[in-house]
Each structure stands twice: as structure tokens, then as C-alpha cells.
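# Chains, contacts and geometry: an overview
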Amino acid sequence: MSRYYKRIEKFLRQETFNGFTKEDLFIKNFIPKAWGQDIAALSNMAEALRNTKNDNNFGSHSRALRSEKMFLIDRVVQFALHPKVNPWKKDISKVNDFNHYGYYLEHLNIILGCYQDVADDKYLELNTRVTKYLREESLTQENAHARLIPHVKMRWAADQAAIIYSLWLYDRNNHTDYHIEPKLRWIEYMENHGKHQETGMYITEVMGVKPYSNQPRGCSHAYMCYYMEHFDSVHGQEQWELFKKHMMVEGYFLSGFREYLPGYKGKWTPDSGPIIFGIGVAATGLALKPMKVWGEYWQDRMCSVQRTVEWGMVLSSLLGLLPFVGRYLTIGDDILSNAIKLCADTTHQKYC
């Protein structure tokens, strides 16, 4: 088993979970509420466990290891529902109004869909409730983008792709068609109103509230391309090819993906991570997932991107051992980074 799996397994087996700590997530050293990276990390863990359910390397023919897999993915659900992770800070069964927390719910729904795929129907009632809510939220908006956080106007295209992916997972498990209409409306909106004029890439944020809203951004685009492949591989591959064309950087020492187009002057943010020689840390790490799903993970030029990520994670792990300042240098090796890398490594080409 890989070191990434062992890191995730250790995290999920902790005896007492009371929310994510600064040692778990780099971002909590700066933003105590983790800015949603906690539920995103759990979402990637759930996908990785789903991806390996039939992998002989993880013991699909061993009753003991299959039992372990079911235990671990149930822990993912428990952590996701914990009051220190869910935005209502209480038992979700007592939440009568989801109140436009679309970002949390998109990842929770992915987790619940992965759980059903791996284990059983224990959480199906909640999965159904969240699916119906996200579908309705998507369809009632003129721009086909569900609200993500109460009192926050921003709506990122990548998050709507994740919402549709979560509906697709539910449909795949239960032979329903909840994702079809939201998908068609979203694709129509992005094709007609959400394209960056110079590149043809989908823009980042559809409400126009940020300076970068009408720009493509690397962390968002990589995230979006991965989810799109599952529910609309035609438009997904088109956007992936444009992403490589306009935002891939190939160098002798470092290869990766830009966070911003060369002509746009943008600074790094907590969701982008540092930007080094034009290469975005988050954009490059998240690009591993679409690389795998599009069957490019082992191509020569993409192997250089893998090496950049792996070297960066090893370096971050070593720097993390430094006293006093180590935890501020671990962005490349926190629990989110390990979950994304494990998910990328275990993703199957053309999963759908």
C-alpha cells in the first residue's frame, strides 16, 4: 500500500475525532474554519476508497481487507457529518433547512454516493434528501448554478460540476436520472454565457463578483475537468484540451499547470496555494485526477507533472519536521494533498 493510503488510513483510524487540526490541514494555520478544505479532503478519501473496491492490490478477494475498506469509508461519512465539519454544527438529521450550503453538500453527496457504491444503503435516505435538494437548487437558478454558501454571492463553475457529478453518482447507484436536466442546463449556460473569449475555456465564477471571475483559473479548471468527464465527456475533454493548451507549463526542472493565464496578473490565494515560476500548486496537484481519467497519467509529458507533485510532497514532508516553522511549510503534504494524490493514483481511466 502507498504512503498516501497509509497516511489516510492513520487519519481515519484515530480514536477521537473532534475536527481537523492545524497539523491536518495547512490552511488552518491561517484560516481557522478551513475554508471547506476539510470536507473536500474527505470527499477525495471517499473517492479513493471507492476506486479501490475491486483492486486486487487492496484485497478485493480478502474478507478482512474488504471489511477494512467498509470501516474506513464509514469513518469518512462519520467525520463528514461531525458537528466540527458540517456547517450547522449539529446532528444533520435535525437540520430542517439546508440553507444554501451547496459547497459542503456537494462533497457530502459525493461521499454518500461513494459509500453506497462500496458498502450498503445505510445512508441512502440522507443521500436522497441531499440529491433532491441540490437538483432543485440548481434548477431554480437562471444561471444553472446552485448557491454555495449563504450570504455569499460567488458561484464557481467547478462547484456546479461537482454538484452534477454527485447527482450522477446517485443516479449510477440507484438507476435514476436526477442529474440529466441540471447537466443540460449547466452545459447550455456555460457554452452560451460562460466562455472566456480568447481561449474558449469556461470562466471561473459566473456572478462576476471577483476580478478573476471572467478568467479561467487553474485550480478551478482542473477540478471541473475531472468531474465533467463522468457526466459529459465531450465537453469535458474539450475543456481539458484547452486547459493543457493554454495553461500547461513544461520545464526542465518543473512541469505543471498555471493558476492564471500568462496575461492576467493574479496573486496566490489560500485555495490556489503558492504560485512558483507561474505554476500553481493546487492547479498542478488537482490536474493529476483529470490526467488519470483521460488516460494520460503515464504519458511522458504528464509523467513530468507527476514528478513535480511527488518531489514537492516529499520536500514538504521533510520541511514539516523543522521545529516551530515546519507546519507552515507543509502545504504539499497535508491530509488534503495526500487524499488528492491517493484519489488520482487510484482513479480508473474512463470511469464511466
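For the structure itself, consult the block above.
Our subject in this report is the structure included herewith.

Rules used in this analysis
Residues numbered from 1 in each chain as written. Predicted model: local features only at pLDDT ≥ 70, side-chain atom pairs only at ≥ 80, totals over all residues. Heavy atoms only, no water. Helix = DSSP H or I, 4+ residues; strand = E, 2+ residues; numbered from the N terminus. Buried < 20%, exposed > 50% of the residue type's maximum accessible area, 1.4 Å probe, protein only. Contact = heavy atoms within 4.5 Å. Areas by Shrake-Rupley, 256 points an atom, 1.4 Å probe, with all protein chains shown as cover. Disulfide = S-S within 2.5 Å. Patch = residues over 30% accessible without salt bridge, like charges linked within 9 Å, V, L, I, M, F, W, Y side chains within 5 Å. Salt bridge = Lys/Arg side-chain N within 4 Å of Asp/Glu carboxyl O. Axes fitted to C-alpha atoms, helices over the stretch in contact; angles between N-to-C directions. Parallel < 35°, antiparallel > 145°, perpendicular 65-115°, else oblique. Left-handed = near helix turned anticlockwise from the far one by under 90°. Nonpolar A, V, L, I, M, F, W, Y, C, P; charged D, E, K, R; others polar. Phe/Tyr/Trp six-rings, centres within 6.5 Å; stacked < 30°, edge-to-face > 60°. Lys NZ or Arg CZ within 6 Å of the ring centre and 35° of its normal. Core = buried A, V, L, I, M, F, W, Y, C linked by side-chain atoms within 4.5 Å. Expected span 1.5 Å × (residues − 1). Polar contact = N/O pair within 3.5 Å; in protein donor to acceptor, adjacent residues only side chain to side chain.

### A short note on the overall build of the protein
- Of the regular secondary structure elements, the protein holds 12 helices and four strands.
- Taken across its 352 residues, the protein has 59% of its residues classed as buried.
- Taking as baseline every contact in the protein between residues at least 6 positions apart, the subset at least 24 positions apart corresponds to 68%.
- When the accessible surface of the protein is summed, it comes to about 15800 Å², and 53% of that surface belongs to carbon and sulfur atoms.

### Focus on the state of the cysteines
- In total, this model carries zero disulfides according to the counting rule given.
- The cysteine Cys-343 is free of any disulfide, with Cys-114 supplying the nearest cysteine sulfur at 8.0 Å.

### Some details on the environment of Tyr-104
- Following the sequence through the fold, Tyr-104 ends up in helix α4 (residues 102-118).
- On a C-alpha basis, the gap between Tyr-104 and Gln-37 in space is 9.7 Å, while along the polypeptide they are 67 residues apart.
- In this structure, Tyr-104 is in contact with Ile-39, Ala-80, Leu-81, Val-85, Asn-86, Pro-87 and Trp-88, ignoring residues within four places of it in sequence.

### Quick notes on a nonpolar patch on the surface
- On the surface, Phe-253, Leu-254, Ile-276, Phe-277 and Val-281 cluster together to form a nonpolar patch covering roughly 530 Å² of accessible area.
- Residue position: Val-281 is located in helix α10 (residues 281-293).

### Quick notes on the environment of Gly-236
- Relative to the helices and strands, Gly-236 is located in helix α9 (residues 233-247).
- Setting aside its immediate chain neighbours within four residues, Gly-236 contacts Cys-225, Met-228 and Trp-294.

### Section: the packing of α10 against helix α12 (residues 335-346)
- Direction vectors running N to C along α10 and α12 enclose 15°, while the axes themselves pass 8 Å from each other. With respect to their mutual orientation, α10 and α12 come out roughly parallel. Crossing of α10 against α12: the hand is left-handed. Taking contact as the criterion, the partners of Gly-285, Leu-286, Leu-288, Lys-289 and Lys-292 in α10 are, on α12, Ile-340, Lys-341, Cys-343, Ala-344, Asp-345 and Thr-346.
- A class-by-class count of the residues in the contact of α10 with α12 yields five nonpolar, two polar and four charged.

### Here's the deal with the packing of aromatic side chains
- Counted according to the given criterion, the structure contains 23 aromatic pairs.
- When the ring of Phe-98 is compared with that of Tyr-133, the centres are 5.1 Å apart and the planes differ by 80°; the resulting orientation is edge-to-face. Placement of the pair is Phe-98 in the loop between α3 (63-81) and α4 and Tyr-133 in helix α5 (residues 124-139), with a sequence separation of 35 residues. Exposure class is identical for Phe-98 and Tyr-133. Each is buried.
- Ring geometry for Trp-156 versus Tyr-212: centroids 5.8 Å apart, planes at 65°, classification edge-to-face. Here the residue Trp-156 occupies a position in the loop between α5 and α6 (157-174), and Tyr-212 occupies one in the loop between α7 (180-193) and α8 (218-231), the gap between them amounting to 56 residues.
- What makes Trp-156 buried here is its relative accessible area of 11%.
- A cation over a ring is seen here: Arg-217 above Tyr-212, with NZ or CZ 4.5 Å from the ring centre.

### Some words on the nonpolar core
- One finds Leu-42, Met-45 and Trp-186 to be the most contacted residues of the largest nonpolar core, which totals 102 residues.
- Contacts of Trp-186, omitting those with residues within four sequence positions, involve Ala-144, His-145, Ala-157, Gln-160, Ala-161, Ile-164, Tyr-202, Met-224, Met-228 and Phe-231.

### Thoughts on the packing of α5 against α6
- Two elements in contact, α5 and α6, have axes whose closest approach is 10 Å; the angle formed by their N-to-C orientations is 135°. Looking at the two axes, α5 sits oblique to α6. You can see that α5 and α6 cross each other, and the crossing is left-handed. Every residue of α6 that contacts α5 at Leu-124, Asn-127, Thr-128, Thr-131, Leu-134, Arg-135 and Ser-138 is listed here: Gln-160, Ile-163, Ser-166, Leu-167, Tyr-170 and Asn-174.
- Here the residues of the contact of α5 with α6 sort into five nonpolar, seven polar and one charged.

### Section: α12
- If you check α12, its first and last C-alpha atoms are 16 Å apart, about what 12 residues at 1.5 Å a residue would give, namely 16 Å.
- Taken across its 12 residues, α12 has 11 buried, putting it largely inside the fold.
- Along α12, the positions that sit buried rather than exposed are Ile-335, Leu-336, Ser-337, Asn-338, Ala-339, Ile-340, Lys-341, Leu-342, Cys-343, Ala-344 and Thr-346.

### Focus on the side chain of Asn-86
- Within the secondary structure layout, Asn-86 lies in the loop between α3 and α4.
- A polar side-chain atom of Asn-86 sits 3.0 Å from the main-chain carbonyl oxygen of Leu-81.
- There is a polar contact of 2.9 Å between the side chain of Asn-86 and the backbone oxygen of Lys-90.
- Residues in contact with Asn-86, not counting those within four places in the same chain, are Ala-80, Leu-81 and Tyr-104.

### A short note on unusual backbone geometry
- Located in the positive-phi region is Ala-144, a residue other than glycine, with phi close to 65°.
- Among the structural elements, Ala-144 can be located in the loop between α5 and α6.
- Positioned with a positive phi, His-151 is a non-glycine residue whose angle comes to about 65°.
- Mapping His-151 onto the fold places it in the loop between α5 and α6.

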